[in-house]
Amino acid sequence: MIEVRRMVILTGAGVSAESGLGTFRDKDGLWTKYDLSEVATPEGFAANPHKVHEFYNARRQNLQQTKPNAAHHALSRLERYCGADFLLVTQNVDNLHEQAGSRNLIHMHGELNKIRCQCCGHKMPWTGDLAVSTTCTACAETGGLRPHIVWFGEMPFGMDAITQALSSCDLFISIGTSGSVYPANSFVDTARRAGAHTIELNLEPSEGQSMFAEVHYGPATKLVPEYVERLLGSGTTLGNVLDR
Ligand code: BJW
């Protein structure tokens, strides 16, 4: 039995897969169709910004047609129940967690519906297409706008808050991520060192499977609502206990 006071949830592309958004490393994943060094690195953007804009424009257009699924809704329900002692960290750049009602959320790899200017640093909401010729509304420079996305070699967002939450959590749940990208794949270790119970919910074993105390495999739309019901049904809230 453990007392659950602080929970950190990490999500990856698998949580949005059943909403129709592609994952990266599965069969038919984005990295089987695109060279990640060309579309997801600062060097790729510098070499061919037009190609990078095309890649993110297509994904941004697709996102506007997409709705959250039962897994996103279950996590929003869990947050409402746990209040301030709940942090959701997503590697996903979609806004499906927000659409489902999640609030205490960090987009560690950025957000598809935002862009920023490399000239003046201005960040703004953006749901349409972006082009090399688009002018920044803040500084009027052309050519400096880029997707508000963390590419390989760049520092993810919110790392101080994430590390602090992991270092004091007693429950860590990783959902729908292959565990192949640093630093998200090190979170389970930080949580374990803090004494947290660690759970993996995924379609198949991730690269870090052996690090987790408890693992369950299946589609997120089935596993996540079931697990959330189990947590809430066990009366898990501040100071309450979870069977393990
Ligand atoms: C289901 C399901 C269903 C399917 N139900 N489940 C060597 C050279 C250079 C760099 C490095 C290096 N070695 C390590 C690095 C660091 C690098 C890295 O990790 N590279 C590896 C590839 C080796 N990391 C970085 O560069 C990061 N920055 C960094 O390290 O800064 C330094 C630093 C940080 C912190 C402290 C100190 C210093 C930045 C990483 C940026 C990642 N960016 C991307 C693309 C941008 C976003 C976008 O365009 O969308 O983020 S890559 C891509 O991978 C995307 C994802 O967020 C990320 C993780 O992928 P995810 O979510 O796990 O998806 P998949 O497809 O891999 O897995 C899906 C899973 O779902 C699978 O397991 C399925 O089974 C499952 N699934 N259907 C449940 N229905």
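See the structure above.
An account of the accompanying structure is given in this report. (Residues numbered from 1 in each chain as written. Predicted model: local features only at pLDDT ≥ 70, side-chain atom pairs only at ≥ 80, totals over all residues. Heavy atoms only, no water.)

Quick notes on the overall build of the protein chain
Part 1 of the reasoning: Counting secondary structure elements, the protein chain contains 10 helices and 11 strands.
Part 2 of the reasoning: Taken along the three principal axes of its C-alpha coordinates, the protein chain extends 60 × 35 × 30 Å.
Part 3 of the reasoning: Taking all 244 residues of the protein chain together, 50% fall into the buried category.
Part 4 of the reasoning: Computed over 21 positive and 26 negative side-chain charges, the separation of the two mean positions in the protein chain equals 3 Å. (Helix = DSSP H or I, 4+ residues; strand = E, 2+ residues; numbered from the N terminus. Buried < 20%, exposed > 50% of the residue type's maximum accessible area, 1.4 Å probe, protein only. Lys, Arg positive; Asp, Glu negative; His and termini not counted. Charge placed at Lys NZ, Arg CZ, Asp CG, Glu CD.)

Examining the sheet that holds strand β8 (residues 171–175)
Part 1 of the reasoning: The 6 strands are arranged β4-β3-β2-β8-β9-β10 in an open sheet whose pairing can be described as parallel. Each end of this open sheet is capped by a strand with a single partner; those strands are β4 (105–107) and β10 (214–217). Each strand axis lies, on average, 15 degrees off the axis of its neighbour in the sheet, ignoring direction.
Part 2 of the reasoning: Packing of helix α8 (residues 159–167) onto the sheet brings it into contact with β2 (7–11), β3 (86–90), β4 and β8, and relative to β3 it is tilted by some 130 degrees. (Pairing = 2+ DSSP bridges. Axes fitted to C-alpha atoms, helices over the stretch in contact; angles between N-to-C directions. Contact = heavy atoms within 4.5 Å.)

A closer look at the sheet that holds strand β5 (residues 110–117)
Part 1 of the reasoning: If you trace the 3 strands from one edge of the open sheet to the other, you get β6-β5-β7, paired in antiparallel fashion. Strand pairing shows two members of the sheet lacking a second neighbour, β6 (123–125) and β7 (145–149), which therefore form its edges. Averaged over neighbouring strand pairs, the angle between their axes works out to 40 degrees when direction is ignored.
Part 2 of the reasoning: Of the strand pairs in this sheet, β5 and β7 are connected by 5 bridges, and their pairing is antiparallel. Note that in β7 the partner of R116 across the bridge is R146.
Part 3 of the reasoning: Of the strands in this sheet, β5 and β7 are in contact with helix α5 (residues 49–64), which crosses β5 at around 135 degrees.

Some thoughts on the nonpolar core
Part 1 of the reasoning: Formed by 24 residues in total, the largest nonpolar core has its most connected members in M7, I9, L78, I173, I175, L201 and V224.
Part 2 of the reasoning: Going through the elements one at a time, β2, α6 (70–82), β3, β8, β9 (197–202) and α10 (220–233) are the ones with two or more residues in this core.
Part 3 of the reasoning: If sequence neighbours within four positions are ignored, I173 has contacts with V8, I9, L10, I199, L201, Y227 and L231.
Part 4 of the reasoning: Membership of the second largest hydrophobic core comes to 18 residues, among which are V8, V89, I106 and A184. (Core = buried A, V, L, I, M, F, W, Y, C linked by side-chain atoms within 4.5 Å.)

Structural notes on the side chain of T11
Part 1 of the reasoning: Turning to its location among the elements, T11 is positioned in strand β2.
Part 2 of the reasoning: On the basis of relative accessible area, T11 is assigned to the buried category, the value being 0%.
Part 3 of the reasoning: A polar side-chain atom of T11 sits 2.9 Å from a polar atom in the side chain of H97.
Part 4 of the reasoning: Residues in contact with T11, not counting those within four places in the same chain, are L75, L88, V89, T90, Q91, N92, H97 and I175. (Polar contact = N/O pair within 3.5 Å; in protein donor to acceptor, adjacent residues only side chain to side chain.)

Let's talk about the pattern of salt bridges
Two side chains bearing opposite charge may form a pair once their charged atoms approach each other closely.
Part 1 of the reasoning: Counted under the stated rule, the structure contains 8 salt bridges.
Part 2 of the reasoning: K51 is the salt-bridge partner of E38, the closest N and O atoms lying 2.7 Å from each other. Here K51 lies in helix α5 and E38 lies in helix α3 (residues 36–39), a separation of 13 residues in the sequence.
Part 3 of the reasoning: Here R146 makes a salt bridge to E154, at a shortest N to O gap of 2.8 Å. (Salt bridge = Lys/Arg side-chain N within 4 Å of Asp/Glu carboxyl O.)

Re the environment of N104
Part 1 of the reasoning: Tracing the chain through its elements places N104 in the loop between α7 (96–100) and β4.
Part 2 of the reasoning: Relative accessible area serves as the criterion here: at 30%, N104 is assigned to the partly exposed category.
Part 3 of the reasoning: It is 7.0 Å that separates the C-alpha atoms of N104 and F86, two residues lying 18 residues apart in sequence.

Examining the site of the ligand
Part 1 of the reasoning: As a matter of local geometry, the ligand sits amid 36 residues, with F24, R25, R59, T177 and S178 nearest to it.
Part 2 of the reasoning: The side chain of Y56 places a nitrogen or oxygen atom 2.8 Å from an oxygen atom of the ligand.
Part 3 of the reasoning: Here H109 contributes a side-chain N or O atom positioned 2.8 Å from an oxygen atom of the ligand.
Part 4 of the reasoning: When isolated, the ligand has an accessible area of 1,500 Å², and the protein chains bury 77% of it. (Near = heavy atom within 4 Å. Areas by Shrake-Rupley, 256 points an atom, 1.4 Å probe, with all protein chains shown as cover.)

Comments concerning unusual backbone geometry
Part 1 of the reasoning: The residue after Y182, namely P183, is reached through a cis peptide bond having omega 5 degrees.
Part 2 of the reasoning: You can see P183 is positioned in the loop between β8 and α9 (187–193).
Part 3 of the reasoning: A positive phi angle is found at A140, which is not glycine, with a value near 65 degrees.
Part 4 of the reasoning: Inspection of the secondary structure assignment puts A140 in the loop between β6 and β7.

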